[in-house]
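Reading the structure
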Amino acid sequence: MRILHVLDHSLPLHSGYSFRTVAILREQRRLGWQTRQLTTPRQRASQKVEEIDGWRFDRTVLRPSPWSRIPGLLHFEEMAATARRIREVAADFSPDIIHAHSPVLNALPALWTGRRLGQPVVYEVRALWEDAAVDHVMTREGSPR
């Protein structure tokens, strides 16, 4: 089994999200499955590949356009860049399945690409984006977001 994981962020950032991801990867490898890990522009990487603690992470590097300041447009630029990067990595890795992890900004590019490549996609919801934004005080409950 070959699995391409699409992640919001990963090591070396320390978070419950990163630690849970590594636990999933470790168990999948224990089963003999091959994994590749791709992070979205949210990782804020400057290089396309990074090796951390024995794990290879394919990064999505994004240089936002001048239009990125328009509310919501940056999210579309990030998703488009992620979809392009998924296609690149999938062409090299030939996954059996694409596993998109929360948030929806990962799910949509994975679904678009999976449909285009004829690859099945699984989406793991760890937290709803809206709830997480309230929990992290990035917005308030009841806001349009």
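Everything that follows concerns the structure shown earlier in this document.
These notes cover the structure that comes with them. In this text the structure is predicted, and so the values were computed from the model without any measurement.

Let's shift gears to the pairing of strand β6 (residues 121–124). Looking at chain direction, strand β5 (residues 97–101) and β6 are connected through four bridges and run parallel. Pairing of H99 across the sheet is with V122, part of β6. You can see the chain leave β5, run along helix α3 (residues 104–117) and come back into β6, and the turn it takes is right-handed.

Another point: a nonpolar patch on the surface. Residues V104, L108, L111, W112, Y123, V125 and L128 make up a contiguous nonpolar surface patch of roughly 560 Å² in combined accessible area. With four residues, the single largest contributor to the nonpolar patch is α3. Position of V125 among the secondary structure elements: in the loop between β6 and α4 (129–135).

Right, let's get into the pairing of strand β3 (residues 49–52). Of the two faces of β3, only the one carrying E50 and I52 is buried; V49 and E51 on the other face are not. As judged from the four bridges shared by β3 and strand β4 (residues 55–59), these two strands associate in the antiparallel manner. Looking at the pairing, V49 lines up with D58 of β4. Two successive antiparallel strands, β3 and β4, enclose a turn made up of two residues, where D53 displays a positive phi of approximately 50°.

This part covers the nonpolar core. Residues L4, V6, L38, I86, V89, A90, F93, I98, A100 and A110 constitute the largest nonpolar core, which totals 10 residues. Listed by contribution, the elements that provide at least two residues to this core are β1 (2–7), α2 (73–93) and β5. Per-element accounting of this core gives the leading share, four residues, to α2. Setting aside its immediate chain neighbours within four residues, F93 contacts R2, I3, L4, Q34, T35 and R36. Among the nonpolar cores identified, the runner-up in size contains eight residues, and V22, I52, W55 and F57 belong to it.

Glancing now at the pattern of salt bridges. Evaluation of the coordinates by the stated rule reveals 11 salt bridges. One salt bridge in this structure joins R42 and E78, with 3.0 Å as the shortest N-O distance. With R42 in the loop between β2 (34–39) and β3 and E78 in helix α2, the pair connects residues that are 36 residues apart, well separated along the chain. On the basis of relative accessibility, which here comes to 26%, the residue R42 falls in the partly exposed class. Residue E78 is classed as buried on the basis of its relative accessible area of 8%. Across the salt bridge formed by R59 and E50, the nearest N and O atoms sit 2.9 Å from each other. We classify R59 as buried; its relative accessible area is 0%. Taking the relative accessible area as the measure of exposure, E50 reaches 18% and is therefore buried. In this structure, a network of salt bridges that share partners links the residues R36, K48, R56, D58, R85, E88 and D92.

Each value, and the rule that gives it
- The residue numbers shown here count from 1 along each chain, following its written sequence.
- Local features in this predicted model are restricted to residues whose pLDDT is 70 or higher, and side-chain atom pairs enter the listing and the counts only when it is 80 or higher, whereas totals over whole chains, interfaces and linings include all residues.
- Side-chain measures were taken over the full set of non-hydrogen atoms in the model, leaving aside hydrogen atoms and water.
- What makes two strands pair is DSSP finding at least two bridges between them.
- The helix count covers DSSP runs of H or I at least four residues long, the strand count covers runs of E at least two residues long, and both are numbered beginning at the N terminus.
- The path from the first strand over the helix to the second decides the hand: if it runs clockwise while the strands point away from the viewer, the crossover is right-handed.
- Within this analysis, patches are made of residues with over 30% relative accessible area and no salt bridge. Like charges are joined at 9 Å or less; nonpolar side chains (Val, Leu, Ile, Met, Phe, Trp, Tyr) at 5 Å or less.
- Only the protein chains shown count as covering a residue, and every accessible area follows the Shrake-Rupley method with a 1.4 Å probe.
- Think of a salt bridge as a Lys or Arg side-chain nitrogen and an Asp or Glu carboxyl oxygen that are within 4 Å of each other.
- Buried, partly exposed and exposed residues are distinguished by accessible area as a fraction of the type maximum, computed with a 1.4 Å probe on protein chains only: under 20%, between the cut-offs, and over 50%, respectively.
- We define the nonpolar core as a collection of buried residues of types Ala, Val, Leu, Ile, Met, Phe, Trp, Tyr and Cys that are connected through side-chain atoms lying within 4.5 Å of one another.
- Two residues form a contact once any of their heavy atoms are found within 4.5 Å.

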